[in-house]
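A structural walkthrough
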Amino acid sequence: MTATPFFDPVQASNEAAFETCVFLSIRVLAGLEFCGDLYGTQQNHDLLVDCAAELERHAAAVIHLDGNPGTDAAELGQSWFQRLASAGKKPLEIAYESLHAAAYLGLVGGTTSALMLGSAACAMRMLSLERGARLN
């Protein structure tokens, strides 16, 4: 058994919040992908917009923890999203890939993890717009 010399409850709390954010965001995407038409249009839109806002909030917190508080997480994410979209990737695919990358990097990934969260947030907003336009 390996013992750590110092247990930081704040760091453990931050990691748990980060992991929960990523996990629940992936569940939102899976629900939308597999059961999206079972829910009302407005519910899907609101859920995606709310989830995107939370992802951006978490991204800003991760950037702050990484020591870069002046960096704009939403702008970073949008830039990365646009780069992937210009390569022909769809918003749902970008959201999944971004969340999986963020999960892999974790808090240790710092600003790069935040960029991935921001990219997933941008993708969720695009999905919200697409779903709204499709059903109007």
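Below is a short write-up of the structure.

This part is about the pattern of salt bridges. This model, assessed by the stated rule, comprises four salt bridges. With a shortest N-O distance of 2.8 Å, Arg 57 and Glu 54 are connected by a salt bridge. Remark: Glu 54 and Arg 57 occur in helix α2 (residues 41–65); sequence separation between them is three residues, near one turn of the helix. Note that Glu 97 is salt-bridged to Lys 89, the shortest N-O span being 2.9 Å. We classify Lys 89 as partly exposed; its relative accessible area is 25%. Each of Lys 89, Glu 93 and Glu 97 takes part in one network of salt bridges that share partners.

Our focus in this paragraph is helix α3 (residues 73–86). An α-helical turn contains 3.6 residues, so a residue and the one three or four places further along point in the same direction. End to end, α3 covers 20 Å across 14 residues, agreeing with the expected 20 Å (1.5 Å per residue, within 8%). Buried within α3 we find Ala 73, Gly 77, Phe 81 and Leu 84. Take α3 and look down its axis: the buried residues cluster within an arc of 65°, on one side only. Away from its buried face by more than 90 degrees, α3 exposes Glu 75, Arg 83 and Ser 86.

Let us now look at the state of the cysteines. Counting across every chain of the model gives zero disulfides. Summary of cysteine pairing: Cys 21 is not part of a disulfide, and the nearest cysteine sulfur, belonging to Cys 51, is at 6.8 Å. Residue classification places Cys 21 among the buried residues on the basis of a relative accessible area of 9%. Cys 51 sits in the buried class, given a relative accessible area of 11%.

Moving on to the side chain of Ser 113. When you line up the elements, Ser 113 lands in helix α5 (residues 111–135). You can call Ser 113 buried: its relative accessible area is 0%. Within the local environment of Ser 113, its side chain forms a polar contact with the backbone oxygen of Gly 106, the two atoms lying 2.5 Å apart. Residues within four places of Ser 113 in sequence aside, it is in contact with Phe 18, Val 62, Ala 102, Leu 105 and Gly 106.

This part is about the environment of Glu 97. Note on placement: Glu 97 falls in helix α4 (residues 91–105). Take Glu 97: its relative accessible area is 34%, and that puts it in the partly exposed class. In the structure, Glu 97 is positioned 22 residues away from Ser 119 in sequence and 9.4 Å away in space, judged by C-alpha atoms. Within the structure, Glu 97 has its side chain in polar contact with the side chain of Lys 89 (distance 2.9 Å).

Under the 1.5 Å per step criterion, the end-to-end length of α4 is 21 Å for 15 residues, consistent within 8% with the ideal 21 Å. Within α4, burial applies to Pro 91, Ile 94, Ala 95, Tyr 96, Ser 98, Leu 99 and Ala 102. Backbone geometry just downstream of α4 places Gly 106 in the positive-phi region, at approximately 60°.

Calculation rules
- Residues numbered from 1 in each chain as written.
- Predicted model: local features only at pLDDT ≥ 70, side-chain atom pairs only at ≥ 80, totals over all residues.
- Heavy atoms only, no water.
- Salt bridge = Lys/Arg side-chain N within 4 Å of Asp/Glu carboxyl O.
- Helix = DSSP H or I, 4+ residues; strand = E, 2+ residues; numbered from the N terminus.
- Buried < 20%, exposed > 50% of the residue type's maximum accessible area, 1.4 Å probe, protein only.
- Expected span 1.5 Å × (residues − 1).
- Arc of directions from axis to C-beta.
- Disulfide = S-S within 2.5 Å.
- Polar contact = N/O pair within 3.5 Å; in protein donor to acceptor, adjacent residues only side chain to side chain.
- Contact = heavy atoms within 4.5 Å.

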